[in-house]
Structures are given as C-alpha cells and as structure tokens.
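# Observations on the model geometry
Residues per chain are reported as follows:
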Amino acid sequence: MSDETSIESESDIEAAIRENHPALITYITAGDPSLEATKEYVEALDRGGSDLIELGLPFSEPIAEGPTIQAAINRALAAGTTPQAFFELVDDIETEAPLLVMTYYNMILQYGSEPDVRPFVERAAEAGLSGIIVPDLPAEESEPLRAACDEHGLDLVFIVAPTTEGERLETIMSQVSGFAYVQARLGTTGARANVSGATHDSLARLSEYDVPKAVGFGVSEGDHAAEIIEAGADGVIVGSALVDLIASSDEPGDAADTLEAKAAELKRGARRGAENEEDEEVAPEPEQP
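Along each chain, residue indices are assigned from 1 in the same order as the chain's sequence is written. Given that the model is predicted, a residue must reach a pLDDT of at least 70 before its local features are reported, and side-chain atom pairs must reach 80 or more before they are shown or counted; all residues, however, enter totals for whole chains, interfaces and linings. In computing side-chain values, all of the structure's heavy atoms are included and hydrogens and water are not.

## Topic: the overall build of the protein
Each helix and strand counted, the protein has twelve helices and nine strands in total. When checking whether two residues touch, look at their non-hydrogen atoms; a contact exists if any pair is within 4.5 Å. Restricting to contacts in the protein with at least 6 residues of sequence separation, those with at least 24 account for 72%. When the accessible surface of the protein is split by element, carbon and sulfur atoms take 43% of a total near 12,600 Å². Helix and strand definitions follow DSSP, with helices as H or I runs of at least four residues and strands as E runs of at least two, each counted in order from the N terminus. Reported accessibility uses the Shrake-Rupley method at a 1.4 Å probe radius. Residues are deemed covered only where the shown protein chains occlude them.

Here it is in structure tokens:
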C-alpha cells in the first residue's frame, strides 16, 4: 500500500522484515513427511536464520505449485494431514520467526460448519499464526477475508505477478498487509538455476508502495538471494529448494540439519546483497577529466 494508506502500526510480519532486513522467508509443506517431522524442520529453519516461516496447509488442487511442492502436498495428504491436525501442530511450535499459513481459498471457506472464512481465521489467530497467503484469491474478492484478518490481527499477503499492473495492481496493494509477495517469474513454483529478469522490473514497478516486498518463485541459492536483495527487495522467499532437501533425505534428523545449513547459506547471501546495495549507494562520483 502507498504511504497514504499504510497501516498505523507494524504487524509482527512487517516488523520481522524491517528489523531483520534483508529478510529470509522460508516455506515447507506441513505434514511432509509427517507432522512430527515438520515441527523439527520449522525449528531448524528458525535456528538457521529464517525471519518468517510459511507453512503450507495441504490442499488437493494446488494450482500455483510446481511438481516439487505438489509432490510434497500429496505426501502430506497421504500422511493424514488435516486442517485440525495442522492447527494442533502450530499450537505446539515455538519459534522466534513469525509463522504464516499458505493455503487455498476453499480450504479456508469450508473450515467451519458452513461456508464462512471467519472460523478459519479465528483458529489461525488462536494458534499463533501471524498471516495468511491465499494464491487463488483475487484481491477484488478478498473483502470478507480481509475483514476477518483485520478483526483478529492477521496479515493477508497477496502474490504480485510479473504481468500485474494498472488498476489490478492498485487493488492488490490496497488490500495487502505484511508484505507483497513478488512473483519472480510467470508459471508455478520451483527451484531455478538463475534469477528472472522480470524480478528487477517488478521491484521497480512496486517501488512507490511502502509495504515490504519479498521475492519468491525459483530462489534456491545464496547467490540468488544476493541478487534479489541487491535489486531492491526487502526479503527473499525460498520453498521448493527446501522441499527438495526434505524429499531427498532418508531421516528427518538429517533433513533438519540440512535445512538449518541451507537457511544459513541463504541468509548469508541476502546479507551479501544488502552490503552490495549499500556499496552502490555510497560509491563516489567519478572524477571529471
């Protein structure tokens, strides 16, 4: 949102980003391969330097996800992960980093005894979650969920695609809180070998808005984090690369150690990008001949 419409006081999420700039935001799917393992993984990511942690609540039709996270969602559903079990997991997690839930609108709408977003939001707040990300909810249709989140003190994060501009961008930025989730490239989630050039264009397009901007979709290495922060982002979001590490580990304990180390690598990369950005800002003017 612009300066004129910014919220009066910072939420836990916005404060975590600004106070830990550049912020590392990590994602894993709850229940993959089990809820017990997820608790261990979240704590490992917290130790490794995550400033915010997104937990994916599995949904059977995850349209925004690539093959890596779709497979994780399938494993979590097969393991019996339900909304009730998810919230019980969150009840039991203690981290320095605020937690968000990422799920789909129908999961939120159908949580109560009748279609209504309020029971889900109330339970999320009760469990200690700080925000909600809903990839399939258009900002133009978000007022009921926005109102429920405001009532219970939760942020509602929207994804901004590389093609989003004009009136639609204004609508999204008038509804978003916590941070704007800047989609680095078109398509679904998934680790990539490089940073899309669209990232720089998107950050430039959003520069007039005061809400923090975090870039996701395709980030997998410390060098990616450095480049994104150097381009002007306030944070980087990493998901598929972490889910890949979980899938390739034989034991939950091994995965926890690997996740902690990966988070530390990504945080170092983000800090390196911030240092490079500062160096560019203070670079002296070249002498005139």
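Back to the text.
## Here we look at the environment of G131
Within the secondary structure, G131 is located in strand 4 (residues 131-133). Note: C-alpha distance between G131 and F179 (48 residues apart in sequence) is 10.0 Å. Setting aside its immediate chain neighbours within four residues, G131 contacts I13, L99, L100, V101, L154 and D155.

## Considerations on the pattern of salt bridges
For salt bridges, the criterion is a side-chain nitrogen of Lys or Arg within 4 Å of an Asp or Glu carboxyl oxygen. Enumeration over the complete set of coordinates arrives at 14 salt bridges. Where R47 meets E260, a salt bridge forms, and the shortest distance between an N and an O atom there is 3.2 Å. Linking R47 in helix 2 (residues 35-48) with E260 in helix 12 (residues 252-281), this pair joins segments that are 213 residues apart in sequence. With a closest N to O distance of 2.9 Å, D150 and R146 form a salt bridge. Here D150 and its partner R146 are both found in helix 7 (residues 143-152), four residues apart, which amounts to about one turn of the helix. Think of it in three bands: with a 1.4 Å probe and only protein chains considered, a residue is buried below 20% of the maximum accessible area for its type, exposed above 50%, and partly exposed in between. The exposure class of R146 is buried, given its relative accessible area of 8%. Each of E10, E14, R18 and D210 takes part in one network of salt bridges that share partners.

## Let's talk about the packing of helix 6 (residues 118-127) against helix 7
Axis definition: a line fit to C-alpha positions, over the contact stretch in the case of helices; interaxial angles, taken between N-to-C directions, run 0 to 180 degrees. At a minimum axis distance of 9 Å, the contact between helix 6 and helix 7 shows a crossing angle of 30°. Between helix 6 and helix 7, the angle falls in the class roughly parallel. The two elements helix 6 and helix 7 cross, and the hand of that crossing is right-handed. Here helix 6 contributes R118, V121, E122 and A125 to the contact with helix 7, which in turn contributes L145, A148, C149 and H152. By residue class, the composition of the contact of helix 6 with helix 7 is five nonpolar, one polar and two charged. By definition in this entry, angles of less than 35 degrees are roughly parallel, angles greater than 145 are roughly antiparallel, angles of 65 to 115 are roughly perpendicular, and the rest are oblique. When the near helix sits turned anticlockwise from the far one by under a right angle, the crossing is termed left-handed; a clockwise turn instead gives a right-handed crossing. When residues are grouped by polarity, Ala, Val, Leu, Ile, Met, Phe, Trp, Tyr, Cys and Pro land in nonpolar, Asp, Glu, Lys and Arg in charged, and all others, Gly among them, in polar.

## Digging into the sheet that holds strand 9 (residues 235-238)
For two strands to pair, DSSP has to find at least two bridges joining them. Judged by pairing direction, the sheet is parallel, and its nine strands sit side by side in the order 5-4-3-2-1-9-8-7-6 without closing on themselves. Edge positions in the sheet fall to strand 5 (155-157) and strand 6 (159-160), since each of these pairs with one other strand and no more. Two strands pair when backbone bridges link them, and strand 4 and strand 5 are joined in this way by three bridges, in the parallel orientation. Looking across to strand 5, one finds that I133 is bridged to V157. Helix-sheet contacts for helix 10 (residues 222-230) involve strand 8 (213-216) and strand 9, and the interaxial angle to strand 9 is about 145°. Packing against the sheet, helix 11 (residues 240-247) makes contact with strand 1 (23-29) and strand 9, and its axis sits at approximately 45° to strand 1.

## A closer look at helix 7
By the burial criterion, the buried members of helix 7 are L145, R146, A148 and C149. End-on, the buried residues of helix 7 take up no more than an arc of 165°, which puts them together on one face. Tucked inside the fold, the buried residues of helix 7 contact helix 5 (105-109), helix 6, strand 4, strand 5 and helix 8 (166-175). A positive phi of about 75° marks G153, the residue just after helix 7. The arc in question is the one spanned by the directions pointing from the helix axis to the C-beta atoms.

## Here we look at the packing of aromatic side chains
Think of it this way: a Phe, Tyr or Trp ring, Trp meaning its six-membered ring, pairs with another when their centres are within 6.5 Å, and the plane angle makes it stacked under 30 degrees, edge-to-face over 60, tilted otherwise. In this structure the tally under the stated criterion is seven aromatic pairs. Seen in terms of ring centroids, F59 and Y104 are 5.6 Å apart; in terms of plane orientation they differ by 20°. Their pairing is stacked. With F59 in the loop between strand 2 (52-56) and helix 3 (67-78) and Y104 in the loop between strand 3 (99-102) and helix 5, the pair connects residues that are 45 residues apart, well separated along the chain. The buried category is assigned to Y104, whose relative accessible area is 3%. One aromatic cluster is present, formed by F86, F87, Y111 and F120 through successive ring pairs.

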